[in-house]
Amino acid sequence: MTDQPECSIVIPVYNEQENLPEIHRRIAALLDQLSPNSEVIFVDDGSRDCSLEMMRAIHAQDARFRYVSLARNFGHQIAVTAGLYYTTGQAVIVMDADLQDPPEVIAALLQKWREGYQIVYARRVRRKQERWLKRVLAYWFYRVIRVLAEVDIPPDTGDFCLMDRRVVDVLNAMPERNRYLRGLRAWVGFRQTDVAYDREPRFAGEVKYTFRKSFALAVNGIVSLSRAPLRLATYFGLSAAGLAMLMVVLVIYWRIYYPSATLVGYAIITAAIFFFGAVQLICLGILGEYIGRIYEEVKGRPLFTVQEVSGVLPVSHEPIRPIHSAARTV
Ligand code: UDP
Ligand code: MG
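Residues numbered from 1 in each chain as written. Chains lettered and ligands numbered in written order. Predicted model: local features only at pLDDT ≥ 70, side-chain atom pairs only at ≥ 80, totals over all residues. Heavy atoms only, no water.

A look at the overall build of the protein chain
A tally of helices and strands in the protein chain yields ten helices and nine strands. The buried share of the protein chain, taken over its 330 residues, is 46%. In the protein chain, once contacts between residues fewer than 6 apart in sequence are set aside, the share between residues at least 24 apart is 78%. Of the roughly 17,700 Å² of accessible surface on the protein chain, a fraction of 62% belongs to carbon and sulfur atoms. (Helix = DSSP H or I, 4+ residues; strand = E, 2+ residues; numbered from the N terminus. Buried < 20%, exposed > 50% of the residue type's maximum accessible area, 1.4 Å probe, protein only. Contact = heavy atoms within 4.5 Å. Areas by Shrake-Rupley, 256 points an atom, 1.4 Å probe, with all protein chains shown as cover.)

Some thoughts on the packing of helix H1 (residues 20-34) against helix H2 (residues 51-61)
In contact at an axis separation of 10 Å, H1 and H2 are set at 25° when each is read in the N-to-C sense. Relative to H2, H1 is oriented roughly parallel. Considering only the axes of H1 and H2, their crossing is right-handed. Facing H1, whose interface residues are Leu20, Pro21 and His24, H2 presents Ser51, Met54, Met55, Ile58 and Gln61. Taken together, the residues that form the contact of H1 with H2 break down as five nonpolar, three polar and no charged. (Axes fitted to C-alpha atoms, helices over the stretch in contact; angles between N-to-C directions. Parallel < 35°, antiparallel > 145°, perpendicular 65-115°, else oblique. Left-handed = near helix turned anticlockwise from the far one by under 90°. Nonpolar A, V, L, I, M, F, W, Y, C, P; charged D, E, K, R; others polar.)

Some points on unusual backbone geometry
Although it is not a glycine, asparagine 15 sits at a positive phi angle of roughly 50°. The topology assignment puts asparagine 15 in the loop between strand S1 (7-13) and H1. Classification of asparagine 15 as buried rests on a relative accessible area of 18%. Despite not being glycine, leucine 99 has its phi angle at roughly 65°, a positive value. Relative to the elements of secondary structure, leucine 99 occurs in the loop between strand S4 (91-94) and helix H4 (105-114).

A word on empty space enclosed by the protein
A full pass over the atoms with the stated rule returns one cavity of 30 Å³ or more. Considering the residues around the largest cavity, the lining is formed by Val80, Leu84, Val94, Asp159, Cys161, Met163, Leu171, Leu181 and Arg185. Going through the elements one at a time, helix H3 (76-86), strand S6 (157-164) and helix H7 (181-187) are the ones with two or more residues in the lining of the largest cavity. For the lining of the largest cavity, the leading source of residues is S6, giving three residues. In terms of residue class, the lining of the largest cavity is built from seven nonpolar, no polar and two charged. (1 Å grid on protein atoms, 1.4 Å probe; cavity = no way out; pocket = protein on both sides within 12 Å on 5 of 7 lines; lining within 4 Å. Points joined across faces, edges and corners; volume = space filled by probe spheres on them.)

Overview of the site of ligand 1
Near ligand 1 there are 19 residues, and of these Asp45, Asp98, Gln100, Lys134 and Lys208 occur at the shortest range. Here proline 12 contributes a backbone N or O atom positioned 2.8 Å from an oxygen atom of ligand 1. The separation between an oxygen atom of ligand 1 and a polar main-chain atom of alanine 97 is 2.9 Å. Across the complex, the protein chains shield 95% of the 530 Å² of accessible surface that ligand 1 would expose by itself. If you map ligand 1 onto the pockets, it falls in the largest pocket. Class assignment of the residues belonging to the shell around ligand 1 gives a composition of six nonpolar, four polar and nine charged. (Near = heavy atom within 4 Å. Polar contact = N/O pair within 3.5 Å; in protein donor to acceptor, adjacent residues only side chain to side chain. Sits in = over half its atoms within 2 Å of the grid points.)

Quick look at H1
End to end, H1 covers 20 Å across 15 residues, agreeing with the expected 21 Å (1.5 Å per residue, within 8%). Among the residues making up H1, those that are buried are Leu20, Glu22, Ile23, His24, Ile27, Ala28, Leu30 and Leu31. Against S1, strand S2 (38-44), H2, strand S3 (65-69) and H4 lie the buried residues of H1. (Expected span 1.5 Å × (residues − 1).)

Considering the pairing of S3
With five bridges joining them, S2 and S3 adopt parallel strand pairing. If you follow isoleucine 41 over to S3, its bridge partner there is arginine 66. What joins S2 to S3 is H2, and the crossover it makes is right-handed. (Pairing = 2+ DSSP bridges. Right-handed = clockwise from strand over helix to strand, strands pointing away.)

Remarks on the packing of aromatic side chains
With the rule as written, the count across this model stands at six aromatic pairs. Measuring from ring centre to ring centre gives 5.5 Å for phenylalanine 141 and tyrosine 142, while their planes differ by 65°; the resulting arrangement is edge-to-face. Here phenylalanine 141 matches tyrosine 142 in class, with each residue buried. Of note, arginine 72 hangs over the ring of phenylalanine 74, and the distance from its end group to the ring centre comes to 4.0 Å. Positioned above the aromatic ring of tyrosine 117 is the side chain of arginine 191, whose terminal nitrogen or guanidinium carbon lies 4.4 Å from the ring centre. (Phe/Tyr/Trp six-rings, centres within 6.5 Å; stacked < 30°, edge-to-face > 60°. Lys NZ or Arg CZ within 6 Å of the ring centre and 35° of its normal.)

Examining the coordination of the magnesium ion (ligand 2)
Taken together, Asp98 (OD) and Gln100 (OE1) make up the full set of protein donors to the magnesium ion (ligand 2), lying 1.8 to 1.9 Å away. Pair check on accessibility: aspartate 98 and glutamine 100 agree, each one buried. (Donors = N, O, S within 2.8 Å, 3.2 Å for Na, K, Ca; no water.)

Below, the structure is given as structure tokens:
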């Protein structure tokens, strides 16, 4: 056995005391078969129940199960980010603590990874026992973000996935504070594929993702992946300007053919309101475009990621900062 584990499993945990013994039992059995030299990293996201005590107990029993405990509830995405930071395995799997992501899918994920894929998404084909509203919203969210996003996010994939060490190194090096991991994961590139699975109902406990948290995550996803909403103001402005033009034409028409009509005065005022509204919105739209660019800059993402180099040293050049994720030299 080498020191470096083959596989790391990251599990964010927020008040999941009912689920931890079961997830420990199922994952331990699975790892014995699949990849004995592995580690499991529980990230306690500021749980208020006995989750942390249970993690300590599980760790004392089985040293492959490790844990990181955050000082407060930072939210799911940050918990996963923290977990990824501490992983050392060659393949890294992210899954939920509530057994909605069945551990048995791990075999299929590892299989694809061994075939040479660097990102393997677990794609939900069926969601059992989730509220219909959540299912409908999730369905539309994935379709809308697919249209708006500047990267290709595979539909019906959540955080449950496998990533190669090199992908995780790239994610760990990404500086942005708003971490919509599904977007970042799609953005890095590499060879990606998916495996289908049925999403199970929660094993025990309450859903930790309230509607508010899900909504914030959705907005976060759209804003961090797309500048389309900023452009909306420009489109509104242009349409309003068109409308104003039409009104001017109407006013002239009335003036010529019905000189006595009192409507004319109102029409001129309405047209003016529309016109100035339009000008303001267009200006806002233009401003928005620039702020969008600044936003991109401030995020300070590297311009590209390098998968492999040949004959050059993987140095990092400050303004471009390519990430040589343990680049192989051939
Ligand atoms: N979770 C977390 N911090 C939070 C909310 C949730 O670490 O603030 C964890 C939770 O313990 C679970 C996973 O994120 O392992 C997914 O949460 P949940 O099952 O409530 O959401 P779902 O995606 O199933 O709706
Ligand atoms: Mg869940």
